[in-house]
Amino acid sequence: MRRKFFDVHAAIGSPIAKEALDRIGQLYSVEETIKGAAPDHRRRERQRRSKPIAEALAAWADETVRKLSRKSELASAFRYMRGRWAAIVRCFDDGRLALDNNSAERSLSPAVRST
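This one's a predicted model, so the numbers in the text were calculated from it and none came from an experiment.

This paragraph deals with the side chain of Arg46. Mapped onto the secondary structure, Arg46 falls in helix α3 (residues 39-65). By relative accessible area, Arg46 is classed as buried at 0%. Engagement of the side chain of Arg46 in a polar contact is seen with the backbone oxygen of Asp94, the distance being 3.4 Å. Discounting residues that sit within four places of it in the chain, Arg46 has contacts with Glu31, Ile34, Lys51, Cys91, Phe92, Asp94, Gly95, Leu97, Ala98 and Leu99.

With that settled, the discussion passes to the nonpolar core. Membership of the largest hydrophobic core comes to 25 residues, with the highest contact counts inside it found for Phe5, Leu74, Phe78, Met81 and Trp85. For this core, the secondary-structure elements that each account for two or more residues are α1 (2-12), α2 (15-34), α3, α4 (73-83) and α5 (85-89). Other than its neighbours up to four places away in sequence, Leu74 contacts Phe5, Val8, Ser14, Ile16, Ala17 and Leu68.

Packing of α1 against α4 leaves a shortest axis separation of 9 Å and a crossing angle of 170 degrees. Here α4 runs roughly antiparallel to α1, going by the angle between their axes. Here α1 contributes Lys4, Phe5 and Val8 to the contact with α4, which in turn contributes Glu73, Leu74, Ala77, Phe78, Tyr80 and Met81. Its residues placed into classes, the contact of α1 with α4 shows seven nonpolar, no polar and two charged.

Checked against the element boundaries, Arg44 lands in helix α3. Residues Arg44 and Asp94 lie 50 residues apart in sequence; the distance between their C-alpha atoms is 9.3 Å. A polar side-chain atom of Arg44 sits 2.4 Å from a polar atom in the side chain of Asp40.

This brings us to α4. The α-helix winds at 3.6 residues per turn, so residues separated by three or four positions along the chain end up facing the same way. Within α4 the residues assigned to the buried category are Leu74, Ala75, Ala77, Phe78 and Met81. Along the axis of α4, the buried residues cluster in a sector spanning 155 degrees; they form a single face. Structural note: α4 exposes Glu73 and Gly83 on the side pointing more than 90 degrees away from its buried face. At its buried positions, α4 is contacted by α1, α2, α3 and α5.

A few words now on the side chain of Asp94. Looking at where Asp94 falls in the secondary structure, it is placed in the loop between α5 and α6 (102-113). The buried category is assigned to Asp94, whose relative accessible area is 19%. Leaving out residues up to four positions away in the same chain, Asp94 has contacts with Arg43 and Arg46.

To continue, consider the confidence of the model for the protein. Overall, the prediction assigns the protein a mean pLDDT of 91, with 88% of residues at 70 or greater. The element-level mean pLDDT for the protein is lowest in α6, coming to 57, with α3 highest at 98.

In this section: the pattern of salt bridges. Evaluation of the coordinates by the stated rule reveals twelve salt bridges. The salt bridge involving Arg3 is made with Asp7; its shortest N-O contact spans 3.4 Å. Of this pair, Arg3 and Asp7 are both found in helix α1, four residues apart, which corresponds to roughly one turn of the helix. Judged by its relative accessible area of 56%, Arg3 falls in the exposed class.

Criteria and cut-off values
- Residues numbered from 1 in each chain as written.
- Predicted model: local features only at pLDDT ≥ 70, side-chain atom pairs only at ≥ 80, totals over all residues.
- Heavy atoms only, no water.
- Helix = DSSP H or I, 4+ residues; strand = E, 2+ residues; numbered from the N terminus.
- Buried < 20%, exposed > 50% of the residue type's maximum accessible area, 1.4 Å probe, protein only.
- Polar contact = N/O pair within 3.5 Å; in protein donor to acceptor, adjacent residues only side chain to side chain.
- Contact = heavy atoms within 4.5 Å.
- Core = buried A, V, L, I, M, F, W, Y, C linked by side-chain atoms within 4.5 Å.
- Axes fitted to C-alpha atoms, helices over the stretch in contact; angles between N-to-C directions.
- Parallel < 35°, antiparallel > 145°, perpendicular 65-115°, else oblique.
- Nonpolar A, V, L, I, M, F, W, Y, C, P; charged D, E, K, R; others polar.
- Arc of directions from axis to C-beta.
- pLDDT = per-residue confidence, 0-100.
- Salt bridge = Lys/Arg side-chain N within 4 Å of Asp/Glu carboxyl O.

Quick look at the structure:
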């Protein structure tokens, strides 16, 4: 979901896209502090620290997207995020899961380049 907001911000310098990136960045800041911890500890910290950030992000997104043109790339980024919300927040209940799928995408990258 970060990528969609990044692309909009890079293309038009949208302050709303920048705020979305900043809010998402808060989640990654928590992840940085719990990297390598036991799954149960990660789950507890995500429940305590990340979940309120995510809930505020979702509320802000729902409020903000109503003010945007439905045809805008920014509105599309918000719809993309909210459409995948259940998968995004699943890691808050399971400390074994990562916040994103970057490691899976990196592992596929060499296979894609060789074809």
